[in-house]
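# Tertiary structure, described
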Amino acid sequence: LSLLPVLPQSLPRHIHHSVAVHTFRGPHWCEYCANFMWGLIAQGVKCADCGLNVHKQCSKVVPNDCQPDLRHVKKVYSCDLTTLVKAHNTKRPMVVDMCIQEIEARGLQSEGLYRISGFSELIEDVKMAFDRDGEKADISSSVYEDINIITGALKLYFRELPIPLITYDAYPRFIEAAKIADPDKRLESLHEALKLLPPAHCETLRYLMAHLKRVTQYEKENLMSSENLGIVFGPTLMRAPELDAMTALNDIRYQRLVVETLITNEDVLF
């Protein structure tokens, strides 16, 4: 099996503006056509990520060159992953880095890691801390003694992504790869599927799989094999794009197999 590592592309992908109808106070000019925005209410649209102000008609032709600005990215959870890393100028979402560092510092030997749920109220508390304080959020043991709260907060982050970590566009290719019986051919197909992910998604997936591989190294203590982690993370990282209920149900076993294979072969695939 000859596989080249998947390297995230160095060139940023074009990001669409997240525009919504907006009422501007005082005189405003369109940043695209430079003409006046007439009216008292709903004169144009504003991008939630970079603050671009344009006519509604102009928004259909502006380039996909959104440069997210921290002043406009108001939250961490439920924010597009690429938008978040561009706004914070990081490789990966800081919530992923911070949670994984905390889990590896004090939770790798915890029985049922990622399988056992923490109190949902406290998980919501962690979410609010990240949304409010960003990288200054305190998720240490002095605040959240139960490591299952941190694992729950990390899983919740991935579940609330508007575009899943394994994107809707790439989803069919990953499912197709999982259906291949021959292990070598399955790896080859997964390797090709990984190339379809945007750079920030691919880098975050690589970092997460390396972490989950380390979790399996403590399987005797935590009882979490790559198969168990696949069961937990399959539906968390992959969501079927508008499939009927029956197909989505059938896909669950393939989602598990995708994640299990990515963990087991993390050193070869990334």
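In this text, all values refer to a predicted model and were calculated from it rather than measured experimentally.

## Considering the domain arrangement of the protein
Split into domains, the protein comes out as domain 1 (16-72) and domain 2 (94-268). Domain 1 and domain 2 are separated by 36 Å when their C-alpha centres are compared.

## Side note on the confidence of the model for the protein
Taken over all residues, the pLDDT of the protein has a mean of 88, while the share at 70 or more is 91%. Within the model, the stretch residues 4-13 combines pLDDT values under 50 with 18 contacts to residues more than four positions away or in other chains.

## Examining the pattern of salt bridges
Within the structure shown, the criterion is met by 11 salt bridges. Ionic pairing is found between lysine 195 and glutamate 192, a salt bridge with its closest N-O pair at 3.2 Å. Since its relative accessible area comes to 43%, lysine 195 is described here as partly exposed. Close ionic contact of glutamate 266 with lysine 213 constitutes a salt bridge, the shortest N to O distance being 3.9 Å. Remark: lysine 213 occurs in helix 7 (residues 199-216) and glutamate 266 occurs in helix 11 (residues 266-269); sequence separation between them is 53 residues.

## Points about the packing of helix 5 (residues 171-178) against helix 10 (residues 245-264)
Between helix 5 and helix 10, whose axes approach to 9 Å, the crossing angle comes to 85 degrees. Taken together, the axes of helix 5 and helix 10 lie roughly perpendicular to each other. Facing Tyr171, Phe174, Ile175 and Ala178 of helix 5, the residues of helix 10 in contact are Asp251, Tyr254, Gln255, Leu257 and Val258. The residue makeup of the contact of helix 5 with helix 10, split by class, is seven nonpolar, one polar and one charged.

## Here's the deal with the state of the cysteines
In the structure shown here, the tally under the stated rule is zero disulfides. With no disulfide of its own, cysteine 33 lies 3.7 Å from the sulfur of cysteine 30, the closest cysteine sulfur. Here cysteine 58 is not disulfide-linked; the sulfur of cysteine 30 is the nearest cysteine sulfur, at 3.8 Å. A residue is classified by how much of its surface remains accessible, and cysteine 58, at 10% relative accessible area, is buried.

## Considerations on the packing of helix 6 (residues 183-194) against helix 10
Between helix 6 and helix 10, the shortest axis-to-axis distance is 11 Å and the interhelical angle comes to 95 degrees. With respect to each other, helix 6 and helix 10 are oriented roughly perpendicular. From helix 6, Arg186, Leu187, Leu190 and Leu194 reach across to helix 10, where they touch Leu257, Val258, Thr261 and Leu262.

## Regarding the UniProt feature "domain: Rho-GAP" (unreviewed entry) in the protein
As annotated in UniProt, the feature "domain: Rho-GAP" (unreviewed entry) corresponds to residues 79-270 in the numbering used here. With 66% helix and 0% strand, residues 79-270 has its two end C-alpha atoms placed 25 Å apart.

## A few points about the packing of aromatic side chains
Summed over all chains, the structure comprises five aromatic pairs. Between the aromatic rings of phenylalanine 36 and tryptophan 38, the centroid separation amounts to 4.7 Å while the plane-to-plane angle is 75 degrees, which identifies the pairing as edge-to-face. The exposure class assigned to tryptophan 38 is exposed, which follows from its relative accessible area of 69%. Here tyrosine 114 and phenylalanine 233 contribute two aromatic rings whose centre-to-centre distance is 5.0 Å and whose plane-to-plane angle is 70 degrees, an arrangement assigned as edge-to-face. Taken together, the residues tyrosine 114 in the loop between helix 2 (94-106) and helix 3 (120-133) and phenylalanine 233 in helix 9 (residues 226-237) connect sequence positions 119 residues apart. Taken as a pair, tyrosine 114 and phenylalanine 233 share a single burial class, namely buried. Put simply, the rings of Trp29, Phe36 and Trp38 pair up and form one aromatic cluster. Directly above the aromatic system of tyrosine 207 lies the positively charged group of arginine 92, at a separation of 3.7 Å from the ring centroid. Its guanidinium or amino end placed over the ring of tyrosine 254, lysine 179 lies 5.2 Å from that ring's centre, counting from NZ or CZ.

The rules we used
- Residues numbered from 1 in each chain as written.
- Predicted model: local features only at pLDDT ≥ 70, side-chain atom pairs only at ≥ 80, totals over all residues.
- Heavy atoms only, no water.
- Domains from an automatic or database assignment.
- pLDDT = per-residue confidence, 0-100.
- Contact = heavy atoms within 4.5 Å.
- Salt bridge = Lys/Arg side-chain N within 4 Å of Asp/Glu carboxyl O.
- Buried < 20%, exposed > 50% of the residue type's maximum accessible area, 1.4 Å probe, protein only.
- Helix = DSSP H or I, 4+ residues; strand = E, 2+ residues; numbered from the N terminus.
- Axes fitted to C-alpha atoms, helices over the stretch in contact; angles between N-to-C directions.
- Parallel < 35°, antiparallel > 145°, perpendicular 65-115°, else oblique.
- Nonpolar A, V, L, I, M, F, W, Y, C, P; charged D, E, K, R; others polar.
- Disulfide = S-S within 2.5 Å.
- UniProt positions renumbered as here; feature names shortened; annotations may be inferred.
- Phe/Tyr/Trp six-rings, centres within 6.5 Å; stacked < 30°, edge-to-face > 60°.
- Lys NZ or Arg CZ within 6 Å of the ring centre and 35° of its normal.

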